[in-house]
Amino acid sequence: MKHNIYLYIMISGLTSYLIRVLPLTLIRKPIRSPFLKSFLYYVPYATLAVMTFPAIVQATQSPLSGILALAAGVILSWHNKSLPLVAIVCCIVVFITEYLLIH
Amino acid sequence: MPSENRTALLQGIRDGMPICIGYAAVAFSLGIAMRNAGMNAFQGFLISMLNMASAGEYAGVQVIAADAPYIEMMLVTLIANARYMLMSTALSQRFSEKTAFVHRLFVGYSITDELFGIAIAQKGYLNPFYYYGAMLVAIPGWSIGTALGIIAGNILPSRIVSALSVALYGMFLAIIIPPARHDRIVAAVVLSGFALSWGAQYLPYLKDLTAGMKTIILTLLIAGCAAYFFPHQEDPHET
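Keep in mind that this is a model prediction, so the values were computed, not measured.

**Structural notes on the nonpolar core**
One finds Y42(A), A46(A), C90(A), A138(B), V166(B) and V189(B) to be the most contacted residues of the largest nonpolar core, which totals 115 residues. Looking at which element gives the most residues to this core, the answer is helix α1 (residues 3-36) of chain B, with 12 residues. Mapping this core onto the domain boundaries places at least three of its residues in each of domain 1 (3-167) and domain 2 (183-232) of chain B. With sequence-adjacent residues up to four places away left out, C90(A) is seen in contact with A69(A), A72(A), G73(A), V166(B), A167(B), Y169(B) and G170(B).

Written out as structure tokens, the structure reads:
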């Protein structure tokens, strides 16, 4: 590892702090630009989607268990099941699938 | 401390308790991801303490795992946490002129989706002590939860760690899928995210990028196109 992990942590912490504090201290008016407002609205969905797939399939010991966990997660959250429930079911699906696949 | 501030502090602690419990669970699974990236419990505690951000920290962990340049850590944190700028701007409207400036520096440190949610639900101007009360329980829940996840990842059998490592993705799904059901543009954003993120592994140039850079570029592309062609109508603070 070439980079210092504590420097990484400091950079991320400082960036997070500035993002949150600069608008609170500098901007006293609401953002009016429809493009900017929409952009900030869509950003979390795009980021989380990009980070979730295909990562979920690659995080497990077998791709199949990841795919089944993804399917279970999408179906449950589509039906507005709570966040902890979705997460727990995903874990159980992986556990059972891998138990059956890998002995 | 004036009695009104003490009342606000206690109210904040009370409202922060359920958030603390939820944070501990999410942070625990984030800790599993950090442990898989080679981080120790103290490092996990520190990064959570300083960032208070699930998506932002997870994106940062990818940067650490890839041993990517420092600038990438800054960019990926900026993108994954961009929404906090919007919340921070909204919260700036809720400070009374009489509230000392220094409170903005402390409250700002801990703007998260949930704390912003309970703060904005308060009537009238925000008493910073209400926010401090909620921070007092939410921050330890988050940072200690992360450290516990890393410790658990080290002592639990690999079969269980493998299962727990999908918990974070399950939570991400629980955040992005329900709004996608009601908003077709959000659904298109999510599907494009899945498709492009998968496709990027095979496309020239994109496949050589680190996970962090891929997240940055695809987020800017997808959210930028969606905002340009389909501006969001409602008040984004409601969601």
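**As for the environment of R94(B)**
Residue and element names in this part refer to chain B. Within the element layout of this structure, R94 appears in the loop between α5 (83-92) and α6 (102-109). Through-space distance from the C-alpha of R94 to that of G124 is 7.3 Å; in sequence the pair is 30 residues apart. Ignoring any residue separated from it by four or fewer positions in sequence, one finds R94 in contact with Y125 and L126.

**Re helix α11 (residues 184-199) of chain B**
An ideal rise of 1.5 Å per residue puts 22 Å on 16 residues; α11(B) measures up with 22 Å between its terminal C-alpha atoms. Regarding α11(B), the residues found buried are I185(B), V186(B), V189(B), V190(B), S192(B), G193(B), L196(B) and S197(B). Seen end-on, α11(B) carries its buried residues on one side only, within an arc spanning 165°. Buried positions along α11(B) lie against α2 (34-52) of chain A together with α10 (167-182) and α12 (211-229) of chain B.

**Focus on the interface of chain A and chain B**
Contact residues are listed per partner, giving 64 residues for chain A and 77 residues for chain B. The set of elements that each furnish at least two residues to the side of chain A that touches chain B consists of α1 (5-26), α2, α3 (55-58), α4 (63-78) and α5 (83-101) of chain A. Considering each element in turn, the side of chain A that touches chain B owes the most residues, 18 residues, to α2(A). Split by residue class, the side of chain A that touches chain B holds 44 nonpolar, 15 polar and five charged.

**Describing the domain arrangement of chain B**
All names here are of chain B. Here chain B is described as being made up of domain 1 (3-167) and domain 2 (183-232). On a C-alpha basis, the centres of domain 1 and domain 2 stand 25 Å from each other. With nine residues of domain 1 at the interface, the matching set in domain 2 holds seven residues. Those elements that provide at least two residues to the side of domain 1 that touches domain 2 are α3 (54-66) and α4 (70-80). Split into classes, the residues belonging to the side of domain 1 that touches domain 2 amount to seven nonpolar, one polar and one charged.

**Re unusual backbone geometry**
The omega torsion of the bond from F53(A) to P54(A) falls at 5°, within 30 degrees of zero and hence cis. Tracing the backbone shows P54(A) in the loop between α2 and α3. With phi around 55°, D67(B) is a residue other than glycine that occupies positive phi space. The backbone of Y205(B) shows a phi angle near 70°, a positive value even though the residue is not glycine. Mapped onto the elements of the fold, Y205(B) is located in the loop between α11 and α12. Owing to 8 C-beta atoms within 10 Å, Y205(B) belongs among the exposed residues under this scheme.

Procedures and definitions
Residues numbered from 1 in each chain as written. Chains lettered and ligands numbered in written order. Predicted model: local features only at pLDDT ≥ 70, side-chain atom pairs only at ≥ 80, totals over all residues. Core = buried A, V, L, I, M, F, W, Y, C linked by C-beta atoms within 7 Å. Buried ≥ 20, exposed ≤ 12 C-beta atoms within 10 Å, placed from the backbone. Helix = DSSP H or I, 4+ residues; strand = E, 2+ residues; numbered from the N terminus. Domains from an automatic or database assignment. Contact = placed C-beta atoms within 7 Å. Expected span 1.5 Å × (residues − 1). Arc of directions from axis to C-beta. Nonpolar A, V, L, I, M, F, W, Y, C, P; charged D, E, K, R; others polar.

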